Structure formats: C-alpha cells, structure tokens
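# Summary of structural features
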Amino acid sequence: MLAPWLLSFAEQVFENRKNGRLHHALLFYGTKGVGKAPLSQQISAQLLCSADLYLTPCGNCQSCTLFSAGNHPDLLIIDGAEKSIGVDEVRAITEFINKTSQLKNNKVVRIINAEKMSESAANALLKNLEEPSAKVYLILTSSDISQLSATITSRCTKHRINITDKANAIEWIKSQVNTANYNVTELLALSGDAPYKVIDWAEQGRIELIYQIIEHIKHWLNGSESNEKLLTLLAQLPDGVTILMNQLSLYFYQRLTEQHNQTQELANESCYFESFSSIIEQCLQFVRNEQHAVGLNHNMQLRSLLYKIERTLCRE
Ligand SMILES: [Zn+2]
C-alpha cells in the first residue's frame with residue numbers, strides 16, 4: 001500500500017495510462033527519503049502486470065510473481081547509488097529496449113539516481129528518449145535534479161514528489177514505527193519533509209543521536225564547543241549535514257529576528273543573508289560531493305566544511 005502522499009502521483013500516472021496518454025519517459029524528483037523508490041516500484045509493477053488495468057498491480061499473475069521475486073525479465077534497473085552511470089550502462093538499456101518482451105507485454109527501465117549519469121551516458125540515452133519504442137517505459141528518479149542535464153529533463157514528464165499534507169504524513173509515520181517517545185512533527189521538519197528518512201532514523205535507533213547532535217550544534221554555534229567534538233558526532237550519522245543545515249537555518253532566522261527587534265540597520269540583514277546563503281551552499285556542495293565523488297575521505301571533508309562555516313560566521 002502506497003503512502004498517502006504518493007498515491008495521488010500513482011493515480012495521475014494510472015489515469016494517463018488508462019486514457020492512452022502516458023508519456024514513455026517519467027522523471028520523479030524530490031528530496032531523498034520522500035518516497036520516490038516505493039512510488040516508481042509500484043508504477044513499474046503496475047505497468048508490467050498482465051491483469052486488466054488496475055491502480056494496484058494484481059499480485060497474482062506471472063508478471064507480479066516474477067516482480068516480487070526480483071527477477072522480472074522485462075524490467076531493467078540501473079542504479080547510480082554506488083558509482084556513476086556510464087555509457088556501458090546506457091548501452092545495456094538500448095539493448096534491453098531492442099529485445100522482444102519475454103512476457104509479451106510492456107518493458108520498463110528504471111534509472112535510479114539519474115543525476116549520476118555521465119555526460120556521455122546522458123547523450124547516449126537521448127536517442128532512447130527522443131525515439132520512443134512501443135510498450136517501453138523509462139522511469140527516472142533523482143534527488144538532485146539540478147545535476148541532471150536539461151536535454152534529459154526536457155524529454156521527460158516531470159513530477160516533483162513532495163508531501164502534500166503534513167498531518168497526513170505524520171499519521172503515516174506513526175503507523176509505521178514506534179515513535180511514542182518523540183515529537184514526530186519536529187522529526188519530519190528535521191528530515192526536510194522526508195518521511196522515509198524519519199522511518200529510517202527510528203529503525204536504526206538514531207533519534208537519540210540526532211537530538212544529541214542538535215544540542216552540540218547549538219553549543220558549537222555559541223562558540224562553546226570545538227569542531228573536533230562536533231565532528232565526531234556528525235560522522236556517526238549519514239544525514240548529519242542535513243541536520244546541521246536545518247540548525248543553521250534556525251540559527252540565522254533567530255539572529256535575523258533579534259536584529260529586527262532591536263531595529264538595527266537593514267544593511268546588516270543583507271550581510272547576514274549573504275553569509276547564510278554561502279554557508280548553505282557549502283553544505284549542499286558537501287552533500288553533492290558525498291553523492292558524486294566516490295572515495296573521498298568523509299571525515300576530512302566534514303572537518304573542512306566545519307572550518308569553512310566557522311570562518312564565514314566569524315566574518316559577519
Ligand atoms: Zn499482476
């Protein structure tokens with residue numbers, strides 16, 4: 001069963017398909033942990049299911065059985081999570097598209113982390129996007145659409161995946177994991193409105209660590225804690241920098257409000273805003289490097305980020 005905020009996207013795709021208007025290339029983008037994976041998983045299963053057209057795949061046909069077993073011959077999955085997607089992977093896609101469907105039905109290609117396609121891979125994929133083959137669907141997903149070339153994005157139907165109703169998402173999180181001791185509204189905000197990230201934190205037992213990190217970030221921003229101490233804590237959490245960005249946003253917001261209350265000059269505000277933008281940009285760049293450059297020393301990068309932020313804060 002799809003999470004409630006994903007359902008409307010699945011319905012939209014389903015309606016288009018029913019009316020024969022489904023585009024052959026779909027791009028789902030949005031923050032990591034918002035649910036692009038379960039959504040594209042269900043849409044793929046639905047496109048492959050051989051039962052008559054239903055929003056949810058039947059779960060009983062040969063296609064659905066193969067799909068749940070993870071070895072459907074008419075489904076190709078390319079994932080750029082571990083390394084970038086190169087020309088060889090795109091060649092495999094073209095080959096797959098040109099083959100006859102084994103179940104005499106649709107074929108689906110999923111490209112996960114599509115922004116990890118190299119420039120030459122993206123160019124090689126263009127032909128498949130420009131000259132669609134009958135009964136072949138490409139489903140691309142990306143957590144960082146800004147890194148995906150416009151030649152690709154312009155040839156796909158784009159869907160920005162986000163939570164449309166926060167209260168709804170909070171209820172859903174509560175139905176999935178035990179969050180009795182926690183403020184789920186706060187956790188959802190900390191995750192950047194990414195419910196699956198909250199689920200992940202809860203399942204991995206990381207929530208205590210997150211609150212601990214937040215306390216330490218506050219001390220660090222006041223100058224009462226060293227970079228090294230914070231670094232040790234941040235390094236334990238894969239999403240540590242997201243939490244840091246969130247706390248920095250709060251910090252700048254509070255500083256700006258204080259200034260307003262003290263009716264200081266507006267000139268200071270733009271100065272703060274510049275520092276803020278520069279720091280957030282540095283954090284985003286860090287997250288990108290983490291995703292794109294394999295083999296970087298995580299701790300070294302994190303240390304350098306903390307020093308950069310510290311320097312920017314001192315310059316105000
Ligand atoms: Zn089925």
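None of these values were measured; they are calculated from a predicted model. (Residues numbered from 1 in each chain as written. Predicted model: local features only at pLDDT ≥ 70, side-chain atom pairs only at ≥ 80, totals over all residues. Heavy atoms only, no water.)

Moving on: helix H5 (residues 119-130). Working note: α-helix, 3.6 residues per turn, so residues spaced by three or four point in the same direction. Under the 1.5 Å per step criterion, the end-to-end length of H5 is 17 Å for 12 residues, consistent within 8% with the ideal 16 Å. Within H5 the residues assigned to the buried category are Ala 121, Ala 122, Leu 125, Leu 126, Asn 128 and Leu 129. Close packing links the buried residues of H5 with strand E1 (25-29), helix H4 (87-98), strand E3 (107-112), strand E4 (136-142) and helix H6 (150-153). (Helix = DSSP H or I, 4+ residues; strand = E, 2+ residues; numbered from the N terminus. Expected span 1.5 Å × (residues − 1). Buried < 20%, exposed > 50% of the residue type's maximum accessible area, 1.4 Å probe, protein only. Contact = heavy atoms within 4.5 Å.)

Tallied over the full model, the rule gives six aromatic pairs. For the pair Trp 5 and Trp 172, a centre-to-centre distance of 5.0 Å together with 85 degrees between the ring planes defines the contact as edge-to-face. Linking Trp 5 in helix H1 (residues 4-18) with Trp 172 in helix H7 (residues 166-176), this pair joins segments that are 167 residues apart in sequence. The class for Trp 5 is buried, based on a relative accessible area of 3%. (Phe/Tyr/Trp six-rings, centres within 6.5 Å; stacked < 30°, edge-to-face > 60°.)

Attention now moves to the packing of H1 against helix H2 (residues 36-48). Interhelical geometry of H1 versus H2 gives an angle of 25 degrees and a closest axis separation of 10 Å. The orientation of H1 relative to H2 falls into the category roughly parallel. The hand of the H1/H2 crossing is right-handed. When H1 is examined against H2, the residues Leu 6, Phe 9, Ala 10, Val 13, Phe 14 and Arg 17 are found in contact with a partner set consisting of Pro 38, Leu 39, Ile 43, Gln 46 and Leu 47. Of the residues in the contact of H1 with H2, the class split is nine nonpolar, one polar and one charged. (Axes fitted to C-alpha atoms, helices over the stretch in contact; angles between N-to-C directions. Parallel < 35°, antiparallel > 145°, perpendicular 65-115°, else oblique. Left-handed = near helix turned anticlockwise from the far one by under 90°. Nonpolar A, V, L, I, M, F, W, Y, C, P; charged D, E, K, R; others polar.)

A few words on the domain arrangement of the protein chain. Interface size is commonly expressed as the accessible area that is lost once the parts come together. Under the domain assignment, the protein chain is made up of domain 1 (4-160) and domain 2 (206-315). Relative to domain 2, the C-alpha centre of domain 1 lies at a distance of 36 Å. (Domains from an automatic or database assignment.)

At their nearest, the axes of helix H10 (residues 207-221) and helix H11 (residues 227-234) sit 10 Å apart, and the two run at 160 degrees to each other. By the angle between their axes, H10 is roughly antiparallel relative to H11. Considering how the two elements wind past one another, H10 and H11 form a crossing that is left-handed. Counted together, Leu 209, Gln 212, Ile 213, His 216, Ile 217 and Trp 220 of H10 and Asn 227, Lys 229, Leu 230, Leu 233 and Leu 234 of H11 form the full contact between these two elements. Partitioning the contact of H10 with H11 into residue classes produces seven nonpolar, three polar and one charged.

What follows deals with the coordination of the zinc ion. Each donor-metal-donor angle in an ideal tetrahedron of four donors is 109.5 degrees, and each such angle in an ideal octahedron of six donors is either 90 or 180 degrees. Every protein donor of the zinc ion is accounted for by Cys 49 (SG), Cys 58 (SG), Cys 61 (SG) and Cys 64 (SG), and the metal-donor separations fall at 2.3 to 2.4 Å. Coordination at the zinc ion is tetrahedral, judged from the four donor atoms that bind it and the angles of 105 to 116 degrees they form at the metal. Spacing between the donor residues of the zinc ion along their common chain follows C-x8-C-x2-C-x2-C. Note that Cys 49 is positioned in the loop between H2 and helix H3 (62-69) and Cys 61 in the loop between H2 and H3, a separation of 12 residues in sequence. Judged by its relative accessible area of 7%, Cys 49 falls in the buried class. (Donors = N, O, S within 2.8 Å, 3.2 Å for Na, K, Ca; no water. Tetrahedral: all angles 85-135°; square planar, octahedral: opposite > 155°, others 65-115°.)

The subject of this paragraph is the sheet that holds strand E5 (residues 157-160). Strand order in the open sheet made by the five strands is E2-E3-E4-E1-E5, with parallel pairing throughout. Looking at the sheet topology across the chains shown, the edges are occupied by strand E2 (75-79) and E5. Recorded for the sheet is a direction-independent mean angle of 15 degrees between the axes of neighbouring strands. Where E3 and E4 come together, five bridges link them in parallel fashion. Across the sheet, Val 109 pairs through a bridge with Leu 138, a residue of E4. (Pairing = 2+ DSSP bridges.)

The subject of this paragraph is the side chain of His 72. You can see His 72 is positioned in the loop between H3 and E2. You can call His 72 buried: its relative accessible area is 6%. Of note is the side chain of His 72, whose polar atom sits 2.8 Å from the side chain of Ser 63. (Polar contact = N/O pair within 3.5 Å; in protein donor to acceptor, adjacent residues only side chain to side chain.)

Side-chain pairs of opposite charge can arise whenever the charged atoms involved come near each other. Per the counting criterion, the structure on display carries 10 salt bridges. Where Arg 91 meets Asp 88, a salt bridge forms, and the shortest distance between an N and an O atom there is 3.0 Å. With a gap of three residues between them, Arg 91 and Asp 88 both fall in helix H4, about one helical turn apart. Owing to a relative accessible area of 53%, Arg 91 belongs among the exposed residues under this scheme. The exposure class assigned to Asp 88 is exposed, which follows from its relative accessible area of 56%. (Salt bridge = Lys/Arg side-chain N within 4 Å of Asp/Glu carboxyl O.)

Another point: the side chain of Arg 206. In this structure, Arg 206 sits in the loop between helix H9 (195-203) and H10. Of the side chains with opposite charge, Asp 200 lies nearest to the buried Arg 206, which makes no salt bridge, at 4.4 Å. With sequence-adjacent residues up to four places away left out, Arg 206 is seen in contact with Asp 200, Trp 201, Gln 236, Leu 237 and Pro 238. (Lys, Arg positive; Asp, Glu negative; His and termini not counted.)

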